[in-house]
Amino acid sequence: MIFLYFVILIIGFVALVKGADIFVDGSSALAKIFKVPGVIIGLTVVALGTSLPELAVSTTAALAGANEIALSNVIGSNIFNLLVVLGFCAVICPVPVDKVILRRDFPLSIILTAGVFAAVGGTSLLSGQIFSKAMADNAGVVSRIVGIVLLVIFVSYIGYLIFDAIRHPVTEEEISDIPLWKALIFILIGVIMIVAGGKAVVYSAQNIARFFGMTETLIGLTVVALGTSLPELVTSIVAAKKGETSLAVGNVVGSNLFNLLFILGVSTTIHPVTVNVASIYDMAILIFVSLVTLIFSITGRTVKRGEGAVMLLFYICDTAFAVIR
């Protein structure tokens with residue numbers, strides 16, 4: 001039986017890589033056809049496509065009334081996107097960061113994360129007010145009102161991106177050799193393969209981990225967290241290797257905004273989230289690594305190989321902290 005799980009794991013990874021390859025080609029062609037910057041496609045189409053696993057996990061948990069998973073899933077995925085996806089891409093090849101992302105999207109992501117952090121009681125933790133076990137398990141709540149506000153901001157943000165793309169079309173005469181209908185089919189097939197491949201990897205990896213005696217908590221912190229973020233990782237690596245670095249960076253920042261605004265917004269609108277201290281600590285870590293990544297991006301408007309290695313090291317330390325705490 002264990003052999004079958006390894007076969008499923010390999011098939012899943014192949015589907016992920018090939019799906020990402022097709023998805024990036026379709027997305028790049030779409031940007032050329034509509035004469036919009038690749039970063040806009042990365043912030044919208046690519047971010048949406050690669051965030052589908054997180055959306056599925058969080059909405060399913062919310063409908064079941066267990067959507068404390070939604071917050072930890074969003075925070076964990078956003079930390080993974082910044083440190084591993086962007087860090088790994090930078091190690092492969094220095095990643096230039098679009099000035100629009102530095103000026104608009106990245107700061108927005110940090111501000112919104114800080115806003116949710118304050119809304120759930122993060123400031124109380126920092127001031128040392130949370131000590132008892134009861135308070136540790138119920139340190140705050142992401143209310144339905146907060147969820148609705150996040151969704152309103154999300155709709156406004158997407159509307160602004162569309163308006164800005166129409167107002168500032170790309171002027172270079174770069175013609176796509178892929179027609180619109182084929183680009184859309186590429187995107188659809190790519191998304192299906194990415195999501196199916198990710199599910200196959202998570203399913204097989206969970207069973208392999210159980211076979212070797214890993215605890216459910218450790219599996220959740222490692223295998224499931226990695227599995228839901230594999231689409232972002234593989235898509236961004238493929239985009240970087242194809243020279244589509246604007247798609248790669250746009251995918252990371254866009255996915256983080258999509259996770260925070262849409263996924264958390266939808267799940268908390270369905271059912272408010274009770275937040276424990278561990279999630280508040282993780283949110284503080286997310287704000288910290290976001291600021292560090294922003295600093296790395298500002299220096300020369302490029303995330304360099306050495307900085308990418310530091311980001312990967314940060315993630316290893318964060319995972320170790322999550323396992324032992």
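Residues numbered from 1 in each chain as written. Predicted model: local features only at pLDDT ≥ 70, side-chain atom pairs only at ≥ 80, totals over all residues. Heavy atoms only, no water.

Tallying secondary structure elements over the protein chain gives 13 helices and four strands in all. Among the 325 residues that make up the protein chain, the fraction classed as buried is 50%. Looking at the protein chain alone, contacts between residues at least 24 apart form 85% of all its contacts between residues at least 6 apart. (Helix = DSSP H or I, 4+ residues; strand = E, 2+ residues; numbered from the N terminus. Buried < 20%, exposed > 50% of the residue type's maximum accessible area, 1.4 Å probe, protein only. Contact = heavy atoms within 4.5 Å.)

This part takes up helix H5 (residues 99-119). Between its terminal C-alpha atoms H5 stretches 30 Å, which fits the 30 Å expected from 21 residues at 1.5 Å a residue. Considering bend angle alone, the principal kink of H5 is centred on Asp105 and spans about 30°; proline Pro107 follows within four residues of it. Taken as a whole, H5 has its buried residues at Ile101, Leu102, Arg104, Asp105, Phe106, Ser109, Ile110, Leu112, Thr113, Val116 and Phe117. The N-cap of H5, judged by a side-chain oxygen 2.7 Å from the amide nitrogen of Val100 a few residues on, is Asp98. (Expected span 1.5 Å × (residues − 1). Bend = angle between axes of the 7 residues up to and from the residue. Polar contact = N/O pair within 3.5 Å; in protein donor to acceptor, adjacent residues only side chain to side chain.)

To continue, consider the packing of aromatic side chains. Summed over the entire model, instances satisfying the criterion amount to five aromatic pairs. Ring centres of Phe80 and Tyr315 lie 5.4 Å apart, and the angle between their planes is 85°; this geometry places the pair in the edge-to-face category. Of this pair, Phe80 sits in helix H4 (residues 68-92) while Tyr315 sits in helix H13 (residues 305-324), and the two are 235 residues apart along the sequence. Phe80 gets classed as buried once you look at its relative accessible area, which sits at 3%. Plain terms: the ring middles of Phe154 and Phe262 are 5.0 Å apart, the flat faces sit at 35° to each other, and that makes the pair tilted. (Phe/Tyr/Trp six-rings, centres within 6.5 Å; stacked < 30°, edge-to-face > 60°.)

Moving on, we come to the environment of Tyr203. With respect to the helices, strands and loops of the structure, Tyr203 is situated in helix H9 (residues 180-211). Among the residues examined, Tyr203 registers a relative accessible area of 42% and is labelled partly exposed. Residues Tyr203 and Leu9, 194 residues apart in the sequence, show an inter-C-alpha distance of 8.1 Å. The contact partners of Tyr203, leaving out residues within four places of it in the chain, are Tyr5 and Ile8.

To continue, consider the pattern of salt bridges. Opposite charge on two side chains permits pairing when their charged atoms draw close. Counted by the stated rule, this structure contains two salt bridges. Two residues, Arg104 and Asp105, come together in a salt bridge whose shortest N-O distance is 2.9 Å. Notably, a salt bridge pairs Arg104 with Asp164, separated by 3.6 Å at the nearest N-O pair. Linking Arg104 in helix H5 with Asp164 in helix H8 (residues 144-167), this pair joins segments that are 60 residues apart in sequence. A single burial state applies to Arg104 and to Asp164, both of which are buried. One salt-bridge network, in which partners are shared between bridges, spans Arg104, Asp105 and Asp164. (Salt bridge = Lys/Arg side-chain N within 4 Å of Asp/Glu carboxyl O.)

Tracing the backbone shows Pro272 in the loop between helix H11 (245-270) and strand S3 (273-275). Accessibility expressed as a relative area gives 28% for Pro272, which makes it partly exposed. Counting along the chain gives 210 residues from Pro272 to Ala62, while the straight-line C-alpha distance between them is 8.5 Å.

Turning our eyes to something else, we now look at the packing of helix H1 (residues 2-33) against H9. Running from amino to carboxyl end, H1 crosses H9 at an angle of 155°, the nearest separation of the two axes being 6 Å. On the basis of the axis angle, H1 is roughly antiparallel to H9. The interaxial crossing formed by H1 with H9 has left-handed handedness. (Axes fitted to C-alpha atoms, helices over the stretch in contact; angles between N-to-C directions. Parallel < 35°, antiparallel > 145°, perpendicular 65-115°, else oblique. Left-handed = near helix turned anticlockwise from the far one by under 90°.)

A few words now on a nonpolar patch on the surface. Taken together, the side chains of Ile33, Phe34, Leu180 and Leu184 present a nonpolar region at the surface, about 340 Å² in accessible area. Locating Leu180 in the fold gives a position in helix H9. (Patch = residues over 30% accessible without salt bridge, like charges linked within 9 Å, V, L, I, M, F, W, Y side chains within 5 Å. Areas by Shrake-Rupley, 256 points an atom, 1.4 Å probe, with all protein chains shown as cover.)

For the rest of this paragraph, the subject is the packing of H5 against H8. For the pair H5 and H8, interaxial distance at closest approach is 12 Å and the crossing angle is 175°. Classified by the angle their axes make, H5 and H8 are roughly antiparallel. Touching Arg104, Asp105, Leu108, Leu112, Val116 and Ala119 of H5 are Val146, Leu150, Ile153, Tyr157, Tyr160, Leu161 and Asp164, all from H8. For the contact of H5 with H8, the per-class residue count stands at ten nonpolar, no polar and three charged. (Nonpolar A, V, L, I, M, F, W, Y, C, P; charged D, E, K, R; others polar.)

Our next topic: the confidence of the model for the protein chain. The share of residues in the protein chain with pLDDT of 70 or more is 83%, and the mean pLDDT across the chain is 79. Taking the mean pLDDT of every element in the protein chain, the minimum, 51, falls on helix H7 (residues 133-137) and the maximum, 90, on H5. Predicted confidence is poor over residues 130-134, with pLDDT under 50, and the contacts of this stretch with residues over four places away or in other chains come to seven contacts. (pLDDT = per-residue confidence, 0-100.)

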